[in-house]
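Residue-level structure breakdown
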Amino acid sequence: MLHLPIALAIGALIPIQTAANSRLRLSVGNQPVVSAMLSFSIALLLSILATAVLVGNPVPQFAPGTHAPWWIWLGGFMGAVFVLGNILLFPKLGAVQTVVLPILGQVIMGLTIDYFGLFHSPQQSVSLLRVLGAAVVLLGIAVVLGVRRNAASGDADGAGLWLYRLLGVAVGMGSAIQAAVNGYLGTIAGSSLHAAEINLAVGALLLLIAVLVTSPRQLTRTPTAGPWWMWLGGVVGATFVIGGATLVPILGTATTVIAFNAGTIAGGQVMESVGAFGAAKRKINATRAAGLVLILAGVLAVRLL
């Protein structure tokens, strides 16, 4: 049971990563792809250092004769897509839908991966009670975020907006795939730390290519001064990737991603309640507290039922 609180705690760090990367973006010419690349690069360096210290050899240790399927590289690709996808979705859908729609995709794909044992994940039964537990998590998230029907959604732009909404769900599904792939990669690359190195290296390379295409001049400029915590995005990113690669083989993909999301929502509420890391201070009211309780209950149901 200790693994579940660890997953919740790792998820609770994600709002810090979001705040840090958003602030770092201001220091790199308001270029979101550049801030994402720097965050991935820092996470990669920290992952290499952690692997060297804790394992002794930062080079991935594939056993002789090990067959590495082509999809082991999908983790880094999906990580980069998740970052870039959120950058694309935010101005089109706003903060609430940008958060909720990927979570829906993560829950759907997480349960699918568990049921079919995709990407060599441990196959787990997906009972009706587990599905109901996932639905409770989504309900709790909706309550916390204050999701409500938008009466204007049927306007002339409705079809285009639905395409972005489908993209949001797809991005979330890719994030669940990332967790599952990294879980398997950790079993053949030597450790979850080695898996994190590969994942972050692929993501950093893809984002570097994106920077070279979109804003190459920014690479020659020194970031302007800012608060110390704007560099924490990479620290959290390394923790998240290593944690996912470690926990998926133990908890299963669905439980891991749902626990991460539950922790993210709860951590975000706590961060806002104290106004930390530049967040606008907003107290937790009774409705949002009830939503957090629903989220925790749903996570426990997915894990235990």
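So, a few notes on the structure that sits alongside this text. Computed from a prediction, not measured in an experiment: that's the story for all the values here.

What counts as what
The residue numbers shown here count from 1 along each chain, following its written sequence. This being a predicted model, a pLDDT of at least 70 is required before a residue's local features are given, and a value of 80 or more before pairs of side-chain atoms are given or counted; all residues contribute to the totals for chains, interfaces and linings. The side-chain values count all of the structure's non-hydrogen atoms but skip hydrogen atoms and water molecules. The numbering of helices and of strands both runs from the N terminus, where a helix is a DSSP run of H or I of at least 4 residues and a strand a run of E of at least 2. Side-chain atoms alone can form a polar contact between residues adjacent in sequence; in general such a contact is a pair of N or O atoms within 3.5 Å, and within protein one must be able to donate a hydrogen while the other accepts it. Using a 1.4 Å probe on the protein chains alone, a residue whose accessible area is under 20% of its type maximum counts as buried, one over 50% counts as exposed, and one in between counts as partly exposed. A patch consists of residues exposed above 30% relative accessible area that lack any salt bridge, with like charges linked at up to 9 Å and nonpolar side chains (Val, Leu, Ile, Met, Phe, Trp, Tyr) linked at up to 5 Å. Working definition of accessibility: Shrake-Rupley area with a 1.4 Å probe, residue cover restricted to the visible protein chains. The term salt bridge refers to a pairing of a side-chain nitrogen on Lys or Arg with a carboxyl oxygen on Asp or Glu at a separation within 4 Å.

So, about the side chain of Gln178. Relative to the elements of secondary structure, Gln178 occurs in helix α5 (residues 158–188). Polar contacts involving the side chain of Gln178 include one to the main-chain carbonyl oxygen of Gly75, which spans 3.4 Å. Reaching out from Gln178, the side chain makes a polar contact with the side chain of Asn199 at a distance of 3.5 Å.

Another aspect to go through is the environment of Gly226. Take Gly226: it is sitting in the loop between α6 (192–214) and α7 (232–251). Overall, Gly226 belongs to the partly exposed group, its relative accessible area being 38%. A C-alpha to C-alpha distance of 7.7 Å links Gly226 and Leu24, two positions 202 residues apart in sequence.

Now for unusual backbone geometry. The phi dihedral of Asn30 falls on the positive side, at around 60°, and the residue is not glycine. Within the element layout of this structure, Asn30 appears in the loop between α1 (3–27) and α2 (32–54). Relative accessible area serves as the criterion here: at 42%, Asn30 is assigned to the partly exposed category. Positive phi, normally seen in glycine, also occurs at Phe119, with a value near 55°. Residue position: Phe119 is located in the loop between α3 (74–116) and α4 (128–145). Since its relative accessible area comes to 18%, Phe119 is described here as buried.

Moving on, we come to a nonpolar patch on the surface. A cluster of nonpolar side chains, Phe77, Val81, Leu205, Leu206, Leu208, Ile209, Leu212, Val213 and Leu219, forms an exposed patch at the surface whose accessible area comes to about 750 Å². Of all the secondary-structure elements, those providing two or more residues to the nonpolar patch are α3 and α6. For the nonpolar patch, the element with the highest residue contribution is α6, accounting for six residues. Inspection of the secondary structure assignment puts Phe77 in helix α3.

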